[in-house]
Amino acid sequence: ILNYRTISNAMLGTSYSNAGKSDSALHYQLIVYKYGLKIKDPQWLSLGPAWLGDTYSKIGKDDSAFYYYRISIPNAIESKRFDIEAGSELGMANLFYKKEQTDSAFYYSRKSVEVLRNISVPDALMEAYSLLSKLYEGGHQYDSAYKYLKNSVILKDSLFNQSKIMQAQNSAFNETLQQQQVQQAKKEAQQQYQSKLKI
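Residues numbered from 1 in each chain as written. Predicted model: local features only at pLDDT ≥ 70, side-chain atom pairs only at ≥ 80, totals over all residues. Heavy atoms only, no water.

How would you sum up the overall build of the protein chain? Please name residues and give values.
Within the protein chain, the secondary structure is distributed over 8 helices and 0 strands. A total of 199 residues make up the protein chain; the buried ones form 35% of that total. If you take every contact in the protein chain between residues at least 6 apart in sequence, the share linking residues at least 24 apart comes to 49%. Carbon together with sulfur atoms contributes 52% to the accessible area of the protein chain, which is approximately 12900 Å² in total. (Helix = DSSP H or I, 4+ residues; strand = E, 2+ residues; numbered from the N terminus. Buried < 20%, exposed > 50% of the residue type's maximum accessible area, 1.4 Å probe, protein only. Contact = heavy atoms within 4.5 Å. Areas by Shrake-Rupley, 256 points an atom, 1.4 Å probe, with all protein chains shown as cover.)

Structure representation (structure tokens):
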């Protein structure tokens, strides 16, 4: 259900989170979650808790992060927001890895990878591969550790190359635009000069 005030709150929450202002981020993310509860919309009940989980995880409040990730996952599945499902599962995996609960970390990181392979979120998939590589290395399964590390590096290179291509395209576009503006300015100057001559 589209609600522009809630979208605005969601954007504010994300902006504050990216700026490292966790108190403000949590304030707006909680508003989003409460709106989801009010209207019983599974999409907002996946988004709000996922963002709350991420923010609580960043500031080291792991119990709260677990709590909100667990709310997010079933609602994300119900609303077919598989990107949110995978992100919350990866969040859970990272928390379990931090607590050295490797079985649970494996479980959630594998679940995340399963989902991410079918959707286009390469940066999250890269992170999931990297975590799996660390988990396999910790279990002395070096072949699997290398395999996932390699997958992670390939994705990283791909993202880096895409970024470089986009920068080059933007640069070329800006140069073309600048040339067009110069040509337009010359044309206008000539027209003004001819007008003055006629007068």
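Account for the side chain of threonine 6, naming residues and giving values.
Considering the arrangement of structural elements, one finds threonine 6 in helix H1 (residues 4-18). Every residue in contact with threonine 6, bar those within four places of it in the chain, is listed here: Val32, Tyr35 and Trp44.

Tell me about the nonpolar core, and please be specific about residues and values.
Within the largest apolar cluster, 34 residues are counted, with the highest numbers of intra-cluster contacts made by Met92 and Leu132. Put simply, the parts of the chain that give this core at least two residues each are helix H2 (22-39), helix H3 (44-58), helix H4 (62-78), helix H5 (82-98), helix H6 (102-116), helix H7 (122-138) and helix H8 (142-198). For this core, the leading source of residues is H7, giving 8 residues. The contact partners of methionine 92, leaving out residues within four places of it in the chain, are Phe66, Tyr69, Arg70, Ile73 and Tyr108. The next biggest cluster of nonpolar side chains, apart from the first, holds 8 residues, and it includes Leu47, Ala50, Ala76 and Ile84. (Core = buried A, V, L, I, M, F, W, Y, C linked by side-chain atoms within 4.5 Å.)

Requested: an account of the pattern of salt bridges, with residues and values cited.
Tallying each qualifying case throughout the model produces 3 salt bridges. Its salt-bridge partner being lysine 98, residue aspartate 62 comes within 3.1 Å of it at the nearest N-O pair. One end of the pair, aspartate 62, is in helix H4; the other, lysine 98, is in helix H5, with 36 residues separating them in the sequence. Given a relative accessible area of 10%, aspartate 62 falls into the buried group. (Salt bridge = Lys/Arg side-chain N within 4 Å of Asp/Glu carboxyl O.)

So, the layout of surface pockets: which residues are in play, and what are the values?
Taken as a whole, the largest pocket holds about 460 Å³ of empty space. Among the elements that line the lining of the largest pocket, the one with the most residues is H5, at 8 residues. Per-class residue counts for the lining of the largest pocket are 9 nonpolar, 5 polar and 5 charged. (1 Å grid on protein atoms, 1.4 Å probe; cavity = no way out; pocket = protein on both sides within 12 Å on 5 of 7 lines; lining within 4 Å. Points joined across faces, edges and corners; volume = space filled by probe spheres on them. Nonpolar A, V, L, I, M, F, W, Y, C, P; charged D, E, K, R; others polar.)

Run through H6, naming residues and quoting values.
Counted at 1.5 Å a residue, the expected span for H6 with its 15 residues is 21 Å, and the 20 Å between its end C-alpha atoms agrees. Taken as a whole, H6 has its buried residues at Ala105, Phe106, Tyr108, Ser109, Ser112, Val113, Val115 and Leu116. (Expected span 1.5 Å × (residues − 1).)

An account of the packing of aromatic side chains is needed here, citing residue identities and associated values.
Within the structure shown, the criterion is met by 11 aromatic pairs. With 4.9 Å between their ring centres and 85° between their planes, tyrosine 67 and tyrosine 68 make a pair best called edge-to-face. By relative accessible area, tyrosine 67 is classed as partly exposed at 47%. With a centroid separation of 4.9 Å and an interplanar angle of 85°, the aromatic rings of tyrosine 107 and tyrosine 108 are classed as edge-to-face. Owing to a relative accessible area of 46%, tyrosine 107 belongs among the partly exposed residues under this scheme. Exposure remark for tyrosine 108: the relative accessible area of 17% places this residue in the buried category. An aromatic cluster is present here, built from Tyr33, Tyr56, Tyr67 and Tyr68 joined pairwise through their rings. (Phe/Tyr/Trp six-rings, centres within 6.5 Å; stacked < 30°, edge-to-face > 60°.)

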